[in-house]
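Survey of secondary and tertiary structure
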Amino acid sequence: MATTLVDAPKSAAARDSKLFQPDLVFFEPDALQYPLGRELYERYQKQGIPIQMTTSHNQVRGIPGETDVEKYRNAKRTLVVGVRKTLKFEQSKPSAEYAIPLATGCAAHCHYCYLNTNIGTKPYIRVYVNTDDIFRQAEAYIREREPEITRFEAACTSDPVSIEHITGNLRRAIEFMGEQPLGRLRFVTKFHHVDSLLDARHNRHTRFRFSMNADYVIKHFEPGTSSFEERLEAAGKVAKAGYPLGFILAPLYWFDGWEEGYTDLLERLRDQLVPEAMEDLTFELIQHRFTKVAKKLILQRYPKTKLEMNEEERKYKWGKYGRGKYVYPDPQAKALRDHLEKEIARLFPQARIEYFT
Ligand code: SF4
C-alpha cells in the first residue's frame, strides 16, 4: 500500500490533488443489492483493486499496517461501500438544520481536521449506496418544517467533492434538492474536481462553498488537498454555472503575520474571482478549535506538525456529549473576527457574513 509523507509542507505545484483512487475496497453484502453497489463492485474488480467483504461498514477489520500510524494512513486509502442504516440526521448548527449523510471520511490529511474527533478511530472512507432512502428521509424533515426552508449540510463528515467521481451521490443530492421548493443543500470542499457538477439541475437550491485559508495554513496543514489557485478556479466555474457561492474561512488560525496573511488571502480572492461570483456571495468564519481526543490523535498521526494546541493558551468551551473544545480566548477571537469582518466589508461590500464561531 502506498504511504505518503504527510508531515512535510508542499509547495502549491507539488500538491497531490489527484482524484482519489483506493488501494483496497470493502463491500457490505447488502450494498450489492443496489445498482450503485453492483456498479462499484464491477468497476473495482475490472481495475484489479483488491476487494474484501465486511459485515458492517461500522466495523471494518483487516486494514494492513504494522503501527497505528501506518494503519491510519492505509485506512485513509481504503474505501468501504455500505448501506446507510441510521436515517436519523444529526443537527448541523450554525450552517444548516440537518447533516445529510452521503459519505463519511476523507482521503486528505489536514492536520486540524474535525474528523479526528468525529470519526477518530474509523478513518476509512465510507460511501453509501442507498441514496433513495436518504432522500426520502430528507423529504420527511422538509415536510416537518413547512413552510420554513430546511437546509441540509452535506460536508459534516466528509469532503463530498473529493469522492464524487466514485459515487455521483453529490450530483444526485443537488438534483434532488433542486426539485424541493423548501429544501436547500450546502456543502464545502477543498477540492477542485467540480466539472461533473457544473451542469447538474441545481435550480439555485445548492450553495457551493470552498474552504479557503491564508497561505501559511494551506502550506503547513492541508496536505492532499487542491491548491488555493485550483480551488479559486473551480469557484469561478461553479459561479458561472449559476450556483450561489460561498467561502468558509476555516480554521482561522493565529500565526505570526496572520493579519497580513488573511488580508492577502481576501485580496487575492477579490482580484481573481469572476464577476458572476459576486452576485450572491457568503462568508462563514470559523476559528481554530480542538478537542483533547483530537489533539492526542493529531500528535500521533502528524508528529512533526506545527499546529499549536496548547490548552493553557486557549479557552475551554463546553460542548454536547462531553465534547468540550478549546478555542481562542475572547480577546484573540475578537481580534480575528474584527479583522476578517473589516476586510470582507472593504473588499466584498455586497457579500454576507453568515456567522463567526
Ligand atoms: S479536506 Fe476536509 S474532511 Fe478532508 S481531511 Fe481536510 S478538513 Fe478533513
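Refer to the structure presented above.
The structure displayed is predicted, hence computed values, not measured ones.

Here we take up the sheet that holds strand β1 (residues 24–27). Judged by pairing direction, the sheet is mixed, and its five strands sit side by side in the order β2-β1-β3-β7-β6 without closing on themselves. Sheet topology places β2 (51–53) and β6 (103–104) at the edges, where each strand pairs with a single neighbour. Helix-sheet contacts for helix α1 (residues 35–47) involve β1, β2, β3 (78–82) and β7 (125–128), and the interaxial angle to β1 is about 150°.

The next subject is the site of the ligand. Every residue lining the ligand is accounted for by Cys-106, Ala-108, Cys-110, Cys-113, Tyr-114, Leu-115, Asp-159 and Lys-190. Residue composition of the shell around the ligand, by class: six nonpolar, no polar and two charged.

Strands sit in the order β4-β5-β8-β9-β10-β11-β12-β15 across an open sheet of eight strands; the sheet is mixed. What marks the edges here is a single partner per strand, and that holds for β4 (91–92) and β15 (352–356). Across four bridges, strand β8 (residues 150–153) lies against strand β9 (residues 183–189) in parallel orientation. Counted as the bridge partner of Phe-152 is Leu-185 from β9. Sheet strands touched by helix α11 (residues 330–347): β11 (245–252), β12 (281–287) and β15. Its angle to β12, the strand with the most contacts, is close to 165°.

With that settled, the discussion passes to the pairing of strand β10 (residues 206–212). Burial of β10 is extensive: seven of the seven residues sit out of reach of the surface. What you see with β10 is no split at all: Thr-206, Phe-208, Phe-210 and Met-212 on one side and Arg-207, Arg-209 and Ser-211 on the other are buried throughout. Relative to β10, β9 runs parallel, the two sharing five bridges. Looking across to β10, one finds that Phe-187 is bridged to Phe-208. Sheet analysis places β10 next to β11, joined by five bridges and oriented parallel. Bridge pairing in β11 places Arg-209 opposite Gly-246.

The rules we used
- Residues numbered from 1 in each chain as written.
- Predicted model: local features only at pLDDT ≥ 70, side-chain atom pairs only at ≥ 80, totals over all residues.
- Heavy atoms only, no water.
- Pairing = 2+ DSSP bridges.
- Helix = DSSP H or I, 4+ residues; strand = E, 2+ residues; numbered from the N terminus.
- Contact = heavy atoms within 4.5 Å.
- Axes fitted to C-alpha atoms, helices over the stretch in contact; angles between N-to-C directions.
- Near = heavy atom within 4 Å.
- Nonpolar A, V, L, I, M, F, W, Y, C, P; charged D, E, K, R; others polar.
- Buried < 20%, exposed > 50% of the residue type's maximum accessible area, 1.4 Å probe, protein only.

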